[in-house]
Structure formats: C-alpha cells, structure tokens
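Listed below are the residues making up each chain.
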Amino acid sequence: MKRILMILLAGVLVFTLAGCAGAGTASETLPEIAVPEEGTPQAAAPDADKYDADLAGLCAYMEAGEVVVAGESYPVDTAYEVIGAKAGKRYKCSFNKSVIQAEFYEFDTDALSEEAQALLADARELGQVTILRNTVAAKASDNGQFLMIYIDPKTEDADNAHREMAYSYFESFCRKKQ
C-alpha cells in the first residue's frame, strides 16, 4: 500500500513541476508605453471635448494621452459588478521595464449602491480603495461617475511622472465631463 501511495505522489509531483515549468515559459507579450527621454516633457493632454462622457470615451482619451496602450489582450472587461459599477476596463502595459495596470470604471450616478458610494468616497477622501481585501491607489471623479485604479510597483522618477500624468489626465477628463 505504501509503495502505491509513493508512486502516486511521485506522479503528482512530476505533473506539478511540469505544469509550473510550462506556465513560466509562456510569457504574455504586453504593449509597451515609450519612456520619454530625460528632460523631454510629457505630451500635452488630449482635448477632452473630443471624447464622449462615458467609459469608452475615458478609455479612448487615456489611450490618446499614452497613459495606457491597447494591445492584443488588453483592454479586458473587469468584474465591475463586484464594486457596483455599470462597466469597467483593465489595461496591462509595459512601462520602464515594469508592468503597469490601470483600471477604469463607470458608475450610474442615479443608482449607486451603498458599497459603490463608500468605495467612491474612499477614493476621493483617502486616494485608495479596498477591493476584495486588496488596498490600491485610486482616484474618483467628483460626481462619482468614474473611478481609476493605477498600479505601478516601481517608484523611479519616470514611473512617478507617468503615474502623476495618469492622475492629471483622469482629473482633467472628469472635470470637463461633469
């Protein structure tokens, strides 16, 4: 009996190791955002008046401003219902040898759940939200229509400048669309 159990465990171990090796070799190719040369100013924000006041308009605006880049696999729909939003998109891009993730959500301001109201209030007041026990930096529009989550683990000058540009563009878009 012990012998059979040992053979089964060895087989499971072989398949587990093979699965781990296979998963590590198939790396995802992410669209890349160009890092400006040092001393070169960031591009000016796009004209928000050219974009619709909805999630599609916000995403197109952020893409035009090179905050995010669409690729083969991104953007994707998020599980926006979990936070009480009516729509959500997630981008994953490469920037400065790092992977950034940006999520954009749209809410129905006439039908905000208590959870959505609390989430938007945290984003406005604290600059962060907790979703599924994860606390992340976030910005919300004053009227509660839009929420942006921006994650970049690096804190080099270029990364910080891009993060601030993302926040600035988001706020600019939201001000024009309220």
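Look up: the structure comes first, before these words.
Residues numbered from 1 in each chain as written. Predicted model: local features only at pLDDT ≥ 70, side-chain atom pairs only at ≥ 80, totals over all residues. Heavy atoms only, no water.

1. Considerations on unusual backbone geometry
Formally: Helix and strand definitions here come from DSSP, where helices need a minimum of 4 consecutive H or I residues and strands a minimum of 2 consecutive E residues; each element is numbered from the N-terminal end. For each residue, the accessible area found with a 1.4 Å probe, counting protein chains only, is set against the maximum for its type, and the residue is called buried under 20%, exposed over 50%, and partly exposed in between.
Residue Pro75 is reached from Tyr74 by a cis peptide bond, and omega for that bond is 10°. Residue Lys97 is not a glycine yet carries a positive backbone phi of 60°. When you line up the elements, Lys97 lands in the loop between β3 (87-95) and β4 (98-106). A positive phi angle, near 50°, is found at Leu132, a position not held by glycine. Owing to a relative accessible area of 66%, Leu132 belongs among the exposed residues under this scheme.

2. Overview of helix α3 (residues 114-126)
Stated formally: In this analysis, the expected span of each helix is defined as 1.5 Å times one less than the number of residues it contains. Here the arc refers to the set of directions running from the helix axis out to each C-beta atom. We call two residues in contact whenever any of their non-hydrogen atoms come within 4.5 Å of each other.
Helix length check: α3 (13 residues) gives 17 Å between terminal C-alpha atoms against 18 Å at 1.5 Å per residue, within 8%. Among all positions of α3, only Ala116, Leu119, Leu120 and Ala123 are buried. Down the axis of α3, the smallest arc covering the buried residues is 95°, so these residues share one side. Facing away from the buried side of α3 by more than 90 degrees, the exposed set consists of Glu114, Glu125 and Leu126. Buried positions along α3 lie against β5 (128-131), β6 (134-140) and β7 (146-151). Where α3 ends, the next residue or the one after it, Gly127, has phi of about 75°, a positive value.

3. Overview of the environment of Glu72
With respect to the helices and strands, the residue Glu72 is situated in the loop between α2 (55-64) and β2 (76-77). Along the backbone, Glu72 and Pro31 are 41 residues apart, and their C-alpha atoms lie at a distance of 8.1 Å.

4. Here's the deal with the packing of α2 against helix α4 (residues 157-177)
Which entries qualify depends on this criterion: All axes here are fitted lines through C-alpha atoms, helices being fitted over the stretch that makes contact, and every angle between N-to-C directions spans 0 to 180 degrees. These descriptions rest on fixed angle ranges, namely under 35 degrees for roughly parallel, over 145 for roughly antiparallel, 65 to 115 for roughly perpendicular, and the rest for oblique. Working rule for handedness: look at the near helix, and if it is turned counterclockwise from the far one by less than a right angle, call the crossing left-handed; if clockwise, right-handed. Put simply, Ala, Val, Leu, Ile, Met, Phe, Trp, Tyr, Cys and Pro go in the nonpolar bin, Asp, Glu, Lys and Arg in the charged bin, and everything else, Gly too, in the polar bin.
Taken N-terminus to C-terminus, the directions of α2 and α4 make an angle of 140°; their axes are 10 Å apart at the nearest point. Regarding the angle of α2 to α4, the classification is oblique. Note that α2 runs across α4; the crossing there is right-handed. Every residue of α4 that contacts α2 at Gly57, Leu58, Tyr61 and Met62 is listed here: Ala166, Tyr169, Phe170, Ser172 and Phe173. Considered class by class, the residues forming the contact of α2 with α4 number seven nonpolar, two polar and no charged.

5. Observations regarding the layout of surface pockets
We count it as follows: Within this scheme a cavity is a closed region of a 1 Å grid, computed over the protein atoms alone, that accommodates a 1.4 Å probe without allowing it to escape, whereas a pocket is open but has protein on both sides within 12 Å along at least five of seven lines; lining residues each have an atom within 4 Å of a point. Grid points are joined across faces, edges and corners, and a volume is the space filled by probe spheres set on the points.
As a volume, the largest pocket reaches approximately 260 Å³. Around the largest pocket, the lining comprises 14 residues; the ones closest to its centre are Arg90, Glu103, Tyr105, Ile131 and Leu132. Contributions of two or more residues to the lining of the largest pocket are made by β4, β6 and β7. Counting residues per element, the lining of the largest pocket draws most heavily on β4, which supplies three residues. Among the residues making up the lining of the largest pocket, the classes are represented as nine nonpolar, three polar and two charged.

6. Some words on the environment of Lys139
On the secondary structure map, Lys139 appears in strand β6. With residues near it in sequence (within four places) discarded, Lys139 still touches Ala123, Phe146, Leu147, Met148, Tyr167, Phe170 and Glu171.

7. Side note on the pattern of salt bridges
Formally: Between Lys or Arg on one side and Asp or Glu on the other, a salt bridge is scored when a side-chain nitrogen of the former is within 4 Å of a carboxyl oxygen of the latter.
Within the structure shown, the criterion is met by six salt bridges. The shortest N-O distance in the salt bridge between Asp49 and Lys176 comes to 3.6 Å. One end of the pair, Asp49, is in the loop between β1 (32-33) and α2; the other, Lys176, is in helix α4, with 127 residues separating them in the sequence. On the basis of relative accessibility, which here comes to 52%, the residue Asp49 falls in the exposed class.

Such coordinate-based values are descriptive only and should not be taken to indicate function.
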